[in-house]
Amino acid sequence: MYILITDSCLRYEKLIGHYLLSLFCGSFALCISLLATQFYYRYIAVCQPHDLGKLNGWRLCLLFIPCIFFFIAWFCLVFFGMKGTEEKAKNARKIILEVYKEDTSKIAFIALQFWDTDSDGNKTFRVSDWLSYFGCLSIITALPFFTMYSVVGCILSLPIFEIDIGLIANYPGLAVCVYPALEPLIAMYFVKNFKNALTCRRGMRMGILEK
């Protein structure tokens, strides 16, 4: 299973914490979709400036409809499909107590648990958790996949193979901070149309300076 807990003064407020954790996960989908949106807008502004007028006024708002959709979708997937239960709290109690010194029966959390195991060792798949898992993956693959996107996908998938990565699971938070600074550089140097447009403008500026 994969578990996300709160670490603030509200960590013992289970209802509020559940909403906050769902909003936190939804904001990740909002963040990556906004990055894709600004990439598209920047592409039009730099490579096809003659089409920029088509995005004026109310049309500009249309660019944010997918962002809002992904935010609501991810929020609902987490809120309804990954809500904390007594069984999930019991299964995660040992590792959370060991790593974070918190009792899962007292704190707010969400968790993705792929199956239940009975006393005989038989496994029963949890349909709601699997649906939430595939829903989150479909949102990730609908957007640029590398860097933090693929990392989140791997972290959600590792529990299937019973692989424990401990504190490394906090990496996506760091990636969210770093990626916006790296993404424009990738576009400028590796996307052909961007590179050509910037080279052309640099040449025009040099020509003006020489004159």
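Definitions and cut-offs
- Counting of residues starts from 1 at the beginning of each chain's written sequence and follows it residue by residue.
- Where totals are concerned, whole chains, interfaces and linings use all residues; where local detail is concerned, this predicted model gives features only for residues with pLDDT of at least 70, and gives and counts side-chain atom pairs only at 80 or more.
- Values shown for side chains rest on all heavy atoms present in the structure; no hydrogens or waters enter the calculation.
- In this text, helices come from DSSP runs of H or I with a minimum length of four residues, and strands from runs of E with a minimum of two, each type numbered from the N-terminal end.
- Residue exposure (1.4 Å probe, protein chains only): buried if accessible area is under 20% of the type maximum, exposed if over 50%, otherwise partly exposed.
- In this description, contact between two residues means that some pair of their heavy atoms is separated by no more than 4.5 Å.
- Only the protein chains shown count as cover for residues, and the accessible areas themselves come from Shrake-Rupley with a 1.4 Å probe.
- UniProt positions are given in the numbering used here, feature names are shortened, and annotations may be inferred rather than shown by experiment.
- We call Phe, Tyr and Trp rings a pair once their centres come within 6.5 Å, taking the six-membered ring for Trp, and we label the pair stacked below 30 degrees between planes, edge-to-face above 60, and tilted otherwise.
- Working definition of a nonpolar core: buried Ala, Val, Leu, Ile, Met, Phe, Trp, Tyr and Cys residues. They are joined through side-chain atoms within 4.5 Å.
- Note on definitions: salt bridges are taken to be side-chain nitrogens of Lys or Arg within 4 Å of carboxyl oxygens of Asp or Glu.
- Cavity: a set of points on a 1 Å grid over the protein atoms alone where a 1.4 Å probe fits but cannot get out. Pocket: an open set with protein on both sides within 12 Å along at least five of seven lines, its lining residues, like those of a cavity, having an atom within 4 Å of a point.
- Grid points are joined across faces, edges and corners, and a volume is the space filled by probe spheres set on the points.
- As a working rule, the residues Ala, Val, Leu, Ile, Met, Phe, Trp, Tyr, Cys and Pro are called nonpolar, Asp, Glu, Lys and Arg charged, and the rest polar, with Gly in that last group.
- Residue ranges assigned to each domain were obtained from an automatic or database domain assignment.

A closer look at the overall build of the protein
Here is step 1 of the chain: Within the protein, the secondary structure is distributed over 8 helices and 4 strands.
Here is step 2 of the chain: Reading the helices (α) and strands (β) of the protein from amino to carboxyl end gives β-α-α-α-α-β-β-β-α-α-α-α.
Here is step 3 of the chain: The proportion of buried residues among the 211 residues of the protein is 34%.
Here is step 4 of the chain: Sequence separation of at least 24 residues holds for 69% of the intrachain contacts in the protein that already meet a minimum separation of 6.
Here is step 5 of the chain: Counting every atom, the protein has about 13,200 Å² of accessible surface; 67% of that belongs to carbon and sulfur.

Things to note about the UniProt feature "transmembrane region" (unreviewed entry) in the protein
Here is step 1 of the chain: In this structure's numbering, the residues bearing the UniProt feature "transmembrane region" (unreviewed entry) are residues 20-41, 57-80, 133-161 and 173-191.
Here is step 2 of the chain: Span residues 57-80 is 83% helix and 0% strand, its end C-alpha atoms 36 Å apart.

Thoughts on the packing of aromatic side chains
Centre distance and the angle of the planes are the two values used to describe a pair of aromatic rings.
Here is step 1 of the chain: In the structure shown here, the tally under the stated rule is 12 aromatic pairs.
Here is step 2 of the chain: On the basis of an interplanar angle of 80° and a centroid distance of 5.0 Å, the ring pair of Phe-79 and Phe-80 is categorised as edge-to-face.
Here is step 3 of the chain: Residue classification places Phe-80 among the exposed residues on the basis of a relative accessible area of 55%.
Here is step 4 of the chain: A connected cluster of aromatic rings, assembled from ring pairs, spans Phe-114, Trp-115, Phe-125, Trp-130, Tyr-133 and Phe-134.

What to know about the environment of Phe-79
Here is step 1 of the chain: Checked against the element boundaries, Phe-79 lands in helix α3 (residues 65-81).
Here is step 2 of the chain: Take Phe-79: its relative accessible area is 15%, and that puts it in the buried class.
Here is step 3 of the chain: Put simply, Phe-79 and Gly-26 are 53 residues apart on the chain and 9.5 Å apart in space, counted from C-alpha to C-alpha.
Here is step 4 of the chain: If we ignore the near neighbours within four places in the chain, the residues touching Phe-79 are His-18, Tyr-19 and Ser-22.

Quick notes on the nonpolar core
Here is step 1 of the chain: One finds Trp-74 and Ile-110 to be the most contacted residues of the largest nonpolar core, which totals 19 residues.
Here is step 2 of the chain: Contributing elements (two or more residues each) for this core: α1 (14-47), α3, β2 (109-112) and α5 (127-141).
Here is step 3 of the chain: The dominant element in this core, judged by the number of residues it contributes, is α1, at 5 residues.
Here is step 4 of the chain: Judged by nonpolar contacts, the second largest core, of 8 residues, contains Ile-3, Ile-5, Ile-107 and Phe-109.

Topic: the pattern of salt bridges
Here is step 1 of the chain: This structure, assessed with the given rule, holds 8 salt bridges.
Here is step 2 of the chain: Measuring nitrogen to oxygen at the nearest pair gives 3.2 Å for the salt bridge that ties Asp-103 to Arg-93. With Asp-103 in the loop between α4 (86-100) and β2 and Arg-93 in helix α4, this pair connects stretches of sequence that are 10 residues apart.
Here is step 3 of the chain: When its relative accessible area of 24% is taken as the criterion, Asp-103 is described as partly exposed.
Here is step 4 of the chain: Connected through salt bridges with shared partners, the residues Glu-87, Lys-88, Asp-116, Arg-126 and Asp-129 form a single ionic network.

Things to note about the layout of surface pockets
Here is step 1 of the chain: Looking at the largest pocket, its volume works out to about 1,300 Å³.
Here is step 2 of the chain: Taken together, 44 residues line the largest pocket, and the ones lying closest to its centre are Met-1, Tyr-2, Ile-3, Leu-4 and Ala-169.
Here is step 3 of the chain: Elements supplying a minimum of two residues to the lining of the largest pocket: β1 (2-5), α1, α3, α4, β3 (115-117), α6 (148-157) and α7 (171-190).
Here is step 4 of the chain: Considering every element that reaches the lining of the largest pocket, the biggest residue donor is α4, with 8 residues.
Here is step 5 of the chain: Considered class by class, the residues forming the lining of the largest pocket number 31 nonpolar, 7 polar and 6 charged.
Here is step 6 of the chain: A domain split of the lining of the largest pocket shows at least three residues from each of domain 1 (2-148) and domain 2 (164-204).
Here is step 7 of the chain: Quantified by volume, the second largest pocket comes out at close to 210 Å³.

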